[in-house]
Amino acid sequence: MKWLILSLLMMSFQTDNIIFDFDKNSNMESWNVVNDDVMGGRSSGQLEINAQGHAVFSGTISLENNGGFSSVRYRPERIMLGDATKIKIRLKGDKKKYQLRVKANADDYYSYVANFTTSGDWETIKIDLKDMYPTFRGRMLDQPNFKDDHLEEIGILIGNKKAQEFNLMIDKLQLQ
């Protein structure tokens, strides 16, 4: 009985609430890039795994044809939050501002958003789920901040209302 309890405890410490840990063999089928070309824009973004096993979200933002964003979205099976209150991301950015976006239900028309700016070095950012506010097409909605007990979509978007190149390396996403 002691071994069973000890094994269960060790398993809970080992998983550490990982949402996605990128490596050279990562299955990227549940990740999608969505650029402003869905609305006639001309931005381009891509998501690739580099030689070190990190995801690289990179591309060019164009303001032509009312464009101006690129995003990457992950749709896992439903993630139950349990006691987790934050999303933690280990990444290396380009000193630009990005948005973390989540949806409790993948079919919701709106996302919950939190902005973060990268330092240019490897860093771990932590975002409180309760501070994420609802938006639709860049407009804040008059409804409560995130308060669900699960996630069905997680994304990162860049759209700073200026033409620019971007490059964001992501090591892992996890709950805390």
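Going by the structure above, here's the rest.
No experiment lies behind these values; they were computed from the predicted model shown. Positions within a chain are numbered from 1, following the residues in the order the chain's sequence is written. Selection of residues for local features in this predicted model requires a pLDDT of at least 70, selection of side-chain atom pairs for listing and counting requires 80 or more, and totals for whole chains, interfaces and linings are taken over all residues. Processing note: side-chain calculations cover all non-hydrogen atoms of the structure and skip hydrogens and water entirely.

S.K.: Could you give an account of the pattern of salt bridges, naming the residues involved and the relevant values?
M.R.: Basic side-chain nitrogens of Lys or Arg form a salt bridge, by our definition, when they fall within 4 Å of a carboxyl oxygen of Asp or Glu. Per the stated rule, a full pass over the model turns up seven salt bridges. Its salt-bridge partner being arginine 42, residue glutamate 64 comes within 2.9 Å of it at the nearest N-O pair. Here arginine 42 lies in the loop between β2 (31–35) and β3 (44–49) and glutamate 64 lies in the loop between β4 (55–61) and β5 (70–74), a separation of 22 residues in the sequence. Only protein chains enter the area calculation, which uses a 1.4 Å probe; residues under 20% of their type maximum are buried, those over 50% are exposed, and those in between are partly exposed. The class of glutamate 64 is partly exposed, set by a relative accessible area of 45%. Ionic pairing is found between glutamate 153 and arginine 75, a salt bridge with its closest N-O pair at 2.5 Å. With glutamate 153 in strand β14 (residues 153–158) and arginine 75 in the loop between β5 and β6 (79–80), this residue pair connects regions lying 78 residues apart in the sequence. Overall, the relative accessible area of 40% leaves arginine 75 in the partly exposed class. The helix count covers DSSP runs of H or I at least four residues long, the strand count covers runs of E at least two residues long, and both are numbered beginning at the N terminus.

S.K.: Could you give me a rundown of the layout of surface pockets, with the residues and numbers involved?
M.R.: One number sums up the size of the largest pocket: a volume of about 1000 Å³. Both site types are read off a 1 Å grid over the protein atoms alone. A 1.4 Å probe that fits but cannot get out defines a cavity, while an open set with protein on both sides within 12 Å along at least five of seven lines defines a pocket; lining residues have an atom within 4 Å of a point. Around the largest pocket sit 37 residues that line it, and Phe69, Arg101, Arg137, Gly138 and Leu157 are the ones nearest its centre. Listed by contribution, the elements that provide at least two residues to the lining of the largest pocket are β5, β8 (97–103), β9 (111–117), β11 (133–136), β12 (139–140) and β14. Considering each element in turn, the lining of the largest pocket owes the most residues, five residues, to β8. Grid points are joined across faces, edges and corners, and a volume is the space filled by probe spheres set on the points.

S.K.: Outline the pairing of strand β10 (residues 122–128), supporting the account with residue identities and numerical values.
M.R.: Here β10 shows one buried face, formed by Glu123, Ile125 and Ile127, and one open face, formed by Trp122, Thr124, Lys126 and Asp128. Bridge count between strand β7 (residues 86–92) and β10: seven bridges; the pairing is antiparallel. Within β10, the position partnered with isoleucine 87 by the bridge is isoleucine 127. Strand pairing is defined by DSSP finding a minimum of two bridges between the two strands.

S.K.: How would you explain unusual backbone geometry if you had to name every residue and give the values?
M.R.: In the Ramachandran plot, lysine 95 falls in the positive-phi region, its phi being about 70° despite a non-glycine side chain. Looking at the element boundaries, lysine 95 is found in the loop between β7 and β8. Residue class for lysine 95 comes out exposed when judged on its relative accessible area of 61%. Phi is positive for lysine 161, close to 60°, though the residue is something other than glycine. Given the relative accessible area of 76%, lysine 161 is considered exposed.

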